[in-house]
Amino acid sequence: MTVSFRKSVLAASVSLAALLSAQALAAQEAVFAMSTNEVGAPTYNPIKATMLNTATGLLFDRLVSQAADLSYHPWLAESWEEAPDGMSWTFKLKQGVTFHNGEPFNAETVKAWLELFKTTEGENAYMAEAIASVEVLDDHTVKFVMSRPEPNLLYNLSSTFMGVVEPKSFAALGDNYGVTEVYGTGPYKLESFSIGQETVLVRNEDYTWGPEMAKNHGPAKVERLTFREIPEDSTAFLELKTGGVDFLLSVPADLMGEVQKEANLAVLTMAGQDVWYMPINVTKAPFDDIRVREAAAKAINQEEILAAVFGGVGAVADTFLISALPESHVSDGAKIKYDPARANALLDEAGWVMGANGVREKDGQPLKVSLWTQSDSIFRRLTEVVQAQLKAVGIEAEITTFDSSTIRDQYKTGEQQLAVRSYNWDNADIVDWFFGADRLGYPNVSMFNDPKAEELRAAAMTGSKNMEERIANFTAYHEYVLTQFPMAPIYQPVQAMAYNKDRIALPEKIDAPSFGAAAFLDLEVKE
Amino acid sequence: MLSWLVKRLLMLVPVFLAVSVVIFSILHFIPGDPIDNLLKIGSSPEARAEVEARYGLDKPLPVQYGIWLGNVLTGDLGTAIVARRPVADLIAQALPHSLRLGGLALLFSTVVGVTLGVVAALLRDRWPDRAIMGGVLLGSTMPSFWLGLILILIFSVSLGWFPVSGARGWESLVLPVLTIGLGGTALVARITRVSMIEASGRDFVMLLHAKGLSPLRIQLRHVLRHALIPVVTILALRIGWILGGAVTVEVVFARPGLGTLLIKSLSQHDYPVVQACLLMLAMAVILGTLLGDILQALMDPRVRAALS
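Cut-offs applied
Residues numbered from 1 in each chain as written. Chains lettered and ligands numbered in written order. Predicted model: local features only at pLDDT ≥ 70, side-chain atom pairs only at ≥ 80, totals over all residues. Heavy atoms only, no water. Helix = DSSP H or I, 4+ residues; strand = E, 2+ residues; numbered from the N terminus. Buried < 20%, exposed > 50% of the residue type's maximum accessible area, 1.4 Å probe, protein only. Contact = heavy atoms within 4.5 Å. Areas by Shrake-Rupley, 256 points an atom, 1.4 Å probe, with all protein chains shown as cover. Lys, Arg positive; Asp, Glu negative; His and termini not counted. Charge placed at Lys NZ, Arg CZ, Asp CG, Glu CD. Core = buried A, V, L, I, M, F, W, Y, C linked by side-chain atoms within 4.5 Å. UniProt positions renumbered as here; feature names shortened; annotations may be inferred. Pairing = 2+ DSSP bridges. Axes fitted to C-alpha atoms, helices over the stretch in contact; angles between N-to-C directions. Phe/Tyr/Trp six-rings, centres within 6.5 Å; stacked < 30°, edge-to-face > 60°. Domains from an automatic or database assignment. Buried area = accessible area lost by both parts, 1.4 Å probe. Salt bridge = Lys/Arg side-chain N within 4 Å of Asp/Glu carboxyl O.

1. Some details on the overall build of chain B
So, point 1. What chain B contains, in helices and strands, is 14 helices and 0 strands.
So, point 2. Along the chain direction, N to C, the helices and strands of chain B fall in the order α-α-α-α-α-α-α-α-α-α-α-α-α-α.
So, point 3. With respect to the principal axes defined by its C-alpha atoms, chain B has extents near 85 × 55 × 30 Å.
So, point 4. Per-residue burial for chain B yields a buried fraction of 45% across its 308 residues.
So, point 5. Taking all contacts inside chain B whose residues are at least 6 apart in sequence as the whole, residues at least 24 apart take part in 73%.
So, point 6. Accessible surface computed for chain B: about 14,500 Å², of which carbon and sulfur atoms make up 70%.
So, point 7. For chain B, the centre of its 25 positive side-chain charges and the centre of its 17 negative side-chain charges are spaced 14 Å apart.

Spelled out as structure tokens, the structure:
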């Protein structure tokens, strides 16, 4: 016993010496901690995957890129044109582009790639569902023949799920494509991937075809990128603090203060793609009365929440969509803003009189409602503020907390009255998803089923020939939904990241909706 | 002895069946639907029905259980719904990491625990005994999640000796092994001490003293051997417990393993993976208990005699 104990002490001291001599990272390498909600993505196969992480966007390029204002710009496609009736699109492709395995990128590969969406088992087929067939006009020109007009095509084409894969290796590798090997045209190649652990990428030295909005079109400046998957936010922060990691791709609000305390760390924020809101179940009394719905919605003081709950980081939400989307530009009257006088007047008008204890009453019944939220601490904090704000106009809300993975099933019962939740999406079709009459319960938590809304919805979803029409139709649909008060918008967060200033030099401006290929092309590691 | 062993092994069958029913049913009674994670914004109800049918989730629960059990018994753990790979592959990738971590933690608990226990027993009621038993109390009551973070703060952030997290090289194993091992060390130390003290009062010890053997020799050669029987039993029982305890520790230290796989699959409601992970953990407990019984039988001449 004593001998083995002595041995282990000896071993420990030897190893300590080895550790102390352990070297810092070599130059031109950077270590990133993946966003905690991207931990565990099982594959880099964009056609099959239901979940893709940030590194995917560096392996695969897309035909189209997006700027920070969500406008569309060339990437692998040099230019494009939509037929006036929306029934076909012609794309001119960049020349001289090659895949990581040496195969050329041309019109034939685009055709073969798009066919994979139809022939591969998976849930992503809808991305290319409106494309009936692809015609090769010449080596670098393709024509998509559409089954119906799809003004949302450019959005789909700019999504990570439509990263262009090399079709031959895709067929040859089968289920191993995206796990053991993967070939795209992106600025980085896959060196190794250990699911749930880390991904190592190496620079694609031939790369010269970066997205239009990046300053550097390639090759990238940093040679090797390591993406580590750390499920615990506090562990990830400690890694950043001790230099084990150079960059955190997500920082929760409660750790922001800790990051700012460190002299060598900095926070990077980009416009968010989330909206926090309070759905109102339009079928449950008292909210079957639109006046009570409007009153509850206008009792929410978004400015106060922004300052008190989120420390002023982010922006208020006064529509259902993130403000970068053109469809969020509804008429001023349709925007839902804090207006306590109007809320009180509406409740009086609806027959709810203020009682002695600060809770309104009607026919002897107090104005008591349920307010659902999920167990994450930020939700609970926000919900308590919402509860207080409702109380200020005489609505007593009782909070019920559910586990975040089970709350969807609770919504399906349709028993909710008010709730606090958030979504993450950067396309106006989210209005259809959360307010479409065929999805009552969940995702349509508001149980909103309105004939006029359904008409506007159909026009927006399938009745638009081109982008302008789609924007106009979705704006009209969105605006109508807002005037029916099936929810109250609350807050738009930012995407918050943190990095080591001594190690990483960021470009002055990142003109992209998220921290992706454009940002990584311009990123530098300090010597 | 052989017939006892056969009987003991046969008893595992009903235990296994009971465990499998529990594992299968609790998962289906907690709310949450794996299909929600597969369907994207814009999916139709038909797409949903099709996915449900593909994974057999449209069948009645007893039928699903029968199919699952049949497959498990033939070694087929199914295909992960979200990860879309054979569950056996995922387990095969994760298990060695957990076994290494758990094995080292067990080794650490044994070596350090027995040593501390012996020291405490030899110096009973003196200050080293009190210090060790105080530490034991602290060690056995600290939650491993919290202990892990504290160890990171001390040894990684302040002293910079070990990496904060990850699974690169042996140095990243030190803190997780300590985190899991300390709780076990406390238990082993306490049992060793009590068992040594109890054995010291036996008649055979008095005889050895009478024969004139040195007290230290009596303690280490004779008393310790006697006292180790309950310690070995406890250690075997802890095999399953240690794998289970690795769950939170793996997450804190961002290490691969059964725990990280289980937590990730739980949040994604990936039933086949969660079932397989729970089955592995349950099997570890069952086999650990069996091992404990067998070892005890082999070590204790009275048990051996009673069996033959």
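2. What about the nonpolar core?
All names here are of chain A.
So, point 1. L63, F91, W113, F144 and F515 are the most contacted members of the largest nonpolar core, which totals 79 residues.
So, point 2. If you tally residues by element for this core, the top one is helix α3 (residues 107–119), at 6 residues.
So, point 3. With residues up to four places along the chain from it excluded, the contact list for F91 reads V64, A77, S79, W80, H140, T141, V142, F144, L153, L154 and L157.
So, point 4. Counting residues in each nonpolar core, the second largest holds 72 residues, with A296, L371, I378 and L418 among its members.

3. Quick notes on the UniProt feature "transmembrane region" (unreviewed entry) in chain B
So, point 1. Summarizing the sequence annotation, UniProt attributes the feature "transmembrane region" (unreviewed entry) to residues 9–30, 104–123, 135–161, 173–192, 227–253 and 273–295 of chain B in the numbering used throughout.
So, point 2. When the span residues 135–161 of chain B is considered, its composition is 81% helix and 0% strand, and the gap between its end C-alpha atoms is 23 Å.

4. Describing the sheet that holds strand β6 (residues 131–138) of chain A
Residue and element names in this part refer to chain A.
So, point 1. What the 4 strands build is an open sheet, ordered β4-β5-β7-β6; its pairing is antiparallel. Here the strands that pair on one side only, and so sit at the sheet edges, are β4 (77–82) and β6. Looking at each pair of strands side by side, their axes are set apart by 20° on average, direction ignored.
So, point 2. Alignment of β6 against strand β7 (residues 141–146), held across 6 bridges, turns out to be antiparallel. Bridge pairing in β7 links D138 to T141.
So, point 3. The strands that α3 touches are β5 (88–93), β6 and β7; relative to β6, the one it contacts most, it runs at about 170°.

5. Points about the packing of aromatic side chains
All names here are of chain A.
So, point 1. Inspection of the entire model under this criterion finds 38 aromatic pairs over all chains.
So, point 2. An angle of 25° between the planes, with centres 5.4 Å apart, marks the rings of F32 and F227 as stacked. Taken together, the positions of F32 in strand β1 (residues 29–33) and F227 in strand β10 (residues 224–228) put the pair 195 residues apart, joining distant regions of the chain.
So, point 3. Look at F32 and you get buried, because its relative accessible area is 0%.
So, point 4. Since its relative accessible area comes to 0%, F227 is described here as buried.

6. Remarks on the domain arrangement of chain A
Residues and elements named next belong to chain A.
So, point 1. Assigned domains within chain A: domain 1 (29–270 + 496–525) and domain 2 (274–492).
So, point 2. If you average the C-alpha positions of domain 1 and of domain 2, the two centres end up 33 Å apart.
So, point 3. In this assembly, 16 residues from domain 1 lie in contact with 14 residues from domain 2.
So, point 4. Roughly 1,300 Å² is buried in total at the junction of domain 1 and domain 2, and carbon and sulfur atoms are behind 57% of that figure.
So, point 5. When residues of domain 1 are sorted by the area they lose upon contact with domain 2, L70, P151 and Y155 head the list and together hold 41% of the total.
So, point 6. The interface formed by domain 1 and domain 2 includes 0 salt bridges.

7. Quick notes on the sheet that holds strand β8 (residues 188–194) of chain A
All names here are of chain A.
So, point 1. Pairing within the open sheet is mixed, and its 7 strands lie in the order β8-β9-β10-β1-β11-β23-β12. Looking at strand neighbours, the two that pair on one side only are β8 and β12 (265–271), the edges of this open sheet.
So, point 2. Relative to strand β23 (residues 494–500), strand β11 (residues 247–248) is paired through 2 bridges, and the arrangement is antiparallel. Of the residues in β23, the one forming a bridge with F247 is Y499.
So, point 3. Across the sheet, helix α7 (residues 253–261) is in contact with β12 and β23; its angle to β12 comes to roughly 135°.

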